[in-house]
Amino acid sequence: MTNSSLLIPSCYRFFRLDRNYKLGGGILLITQSAFISNIENQITNPDIELLHCSIRKHNKMRLINVIVCYRPPNSCLDKCLEIFYNFLSNINYTDYPTYFLGDFNVPINKDQSKKIKLLSLFSNFGFKLVNSENTFLNISHPSQLDLVFSNISSQSLINNILTQPLHFTDHCLCLLY
């Protein structure tokens, strides 16, 4: 898919991490053009796709880290948790508000053992799960696969998370505003 085919208005800027090892898919992060946004890190392999951007409104505004990830359903969760651990150990997330979100393919409202592993890892780094709605709307098995973690306790930056169904996928859009 070309950038021009995305039909994103010019008042937005987008960052892509296309899948190199398989046809289709990838990660897309959209920010307002008024924000100063930069790619800080990226990881792409068959086990995980991860895109880390820094975002600020203007030069004097505090930086925000946004980390978007996709974990394929057939990838080894323990291997992905090790990647997350190494990644978080090597970035400065403690001095800045940080949101770590994406499709983790861990149905936390159904699979308790995977839920405990994932939530424990993020908790050890000071992150809390901040969304609670089902985001995968399969008619027979709706679940919460798309998760938003944050290291800030108040909603001073993000006031709400809107979960919106989309017509072209069985996953919802998670809009942070």
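Right above here is the structure, for reference.
Let me sum up the structure you'll find in this document. (Residues numbered from 1 in each chain as written. Predicted model: local features only at pLDDT ≥ 70, side-chain atom pairs only at ≥ 80, totals over all residues. Heavy atoms only, no water.)

1. A word on the overall build of the protein
Stated precisely, the cut-off is as follows: Strands here are runs of E lasting at least two residues and helices are runs of H or I lasting at least four, both read from the DSSP assignment and numbered beginning at the N terminus. Only protein chains enter the accessibility calculation, which uses a 1.4 Å probe; a residue whose area is less than 20% of its type maximum is buried, one above 50% is exposed, and one in between is partly exposed. Two residues qualify as a contact provided that any one of their heavy atoms is within 4.5 Å of a heavy atom in the partner residue. For accessible areas, the Shrake-Rupley method is used with a probe of radius 1.4 Å. Any residue's cover is judged against the shown protein chains and nothing else.
A tally of regular secondary structure across the protein gives 2 helices and 10 strands. Along its sequence from the N terminus, the protein presents helices and strands in the succession β-β-β-β-β-α-β-α-β-β-β-β. Out of the 177 residues in the protein, the part that is buried amounts to 39%. Long-range contacts, defined as pairs at least 24 residues apart, comprise 51% of the intrachain contacts of the protein with a sequence gap of at least 6. Here the protein displays about 10100 Å² of accessible surface, and carbon together with sulfur accounts for 53% of that area.

2. Things to note about helix α2 (residues 112-124)
Our working rule: Expected span of a helix, by definition, is 1.5 Å for each gap between consecutive residues, and there is one gap fewer than residues. This arc is built from the directions going out from the helix axis to the C-beta atoms.
Over its 13 residues, α2 runs 18 Å from end to end, which matches the ideal 18 Å to within 8%, given 1.5 Å per residue. All of the buried residues along α2 are Leu118, Leu121 and Phe122. Along the axis of α2, the buried positions cluster into a sector of 95 degrees, meaning they face one direction only. Of the exposed residues in α2, the ones pointing more than 90 degrees away from its buried face are Ile116 and Asn124. On its buried face, α2 is in contact with α1 (77-89), β6 (98-103) and β8 (146-150). Just downstream of α2 lies glycine 126, where phi reads positive at about 85 degrees.

3. Quick word on a nonpolar patch on the surface
The condition is simple: Residues form patches when they are more than 30% accessible in relative terms and have no salt bridge. Like charges link within 9 Å. Nonpolar side chains (Val, Leu, Ile, Met, Phe, Trp, Tyr) link within 5 Å. Any carboxyl oxygen of Asp or Glu that lies within 4 Å of a side-chain nitrogen of Lys or Arg is treated as forming a salt bridge with it.
The grouping of Tyr12, Leu28 and Ile30 at the surface amounts to a nonpolar patch, some 260 Å² of accessible area in total. Residue placement: tyrosine 12 occurs in strand β1 (residues 12-18).

4. Regarding the packing of aromatic side chains
Rules: Note on aromatic contacts: the rings of Phe and Tyr and the six-membered ring of Trp form a pair at centre separations within 6.5 Å, being stacked when their planes are under 30 degrees apart, edge-to-face when over 60 apart, and tilted otherwise.
A full pass over the atoms with the stated rule returns 13 aromatic pairs. For the pair phenylalanine 84 and phenylalanine 122, a centre-to-centre distance of 5.9 Å together with 50 degrees between the ring planes defines the contact as tilted. Note that phenylalanine 84 is positioned in helix α1 and phenylalanine 122 in helix α2, a separation of 38 residues in sequence. The exposure classification of phenylalanine 84 matches that of phenylalanine 122, with both residues buried. Ring geometry for phenylalanine 87 and phenylalanine 100: centres 6.4 Å apart, planes at 85 degrees, overall edge-to-face. Highlighted residues: phenylalanine 87 in helix α1 and phenylalanine 100 in strand β6, separated in sequence by 13 residues. Each member of the pair, phenylalanine 87 as well as phenylalanine 100, is classed as buried. Among the aromatic residues, those joined into a ring-pair cluster are Phe84, Tyr85, Phe87, Tyr93, Phe100, Phe104, Phe122, Phe125, Phe127 and Phe149.

5. Considerations on the sheet that holds β8
Rule in force here: By definition, two strands form a pair when at least two bridges between them are found by DSSP. For helices, the fitted axis covers only the stretch in contact; all axes are lines through C-alpha atoms, and the angles between them, taken along N-to-C directions, range from 0 to 180 degrees.
What the 6 strands build is an open sheet, ordered β3-β4-β5-β6-β8-β7; its pairing is mixed. Two strands close off the open sheet at either side, each with one partner strand: β3 (36-45) and β7 (128-129). Across the sheet, α1 is in contact with β3, β4 (48-56), β5 (64-70) and β6; its angle to β4 comes to roughly 30 degrees. The strands touched by α2 within the sheet are β6, β7 and β8, with β8 carrying the most contacts at an inclination of about 25 degrees.

6. Considering the pairing of β6
Keep this limit in mind: When the strands point away from the viewer and the connection leading from the first strand across the helix to the second strand turns clockwise, the crossover is called right-handed.
Where burial is concerned, most of β6 is hidden: 6 out of the 6 residues are buried. Read from β5 through α1 to β6, the crossover connection turns out right-handed. Of the pairings in the sheet, the one linking β6 to β8 comprises 5 bridges and is antiparallel in character. Residue pairing across strands places leucine 101 opposite valine 148, the latter belonging to β8.

Geometric descriptors of this kind do not, in isolation, establish any biological role.
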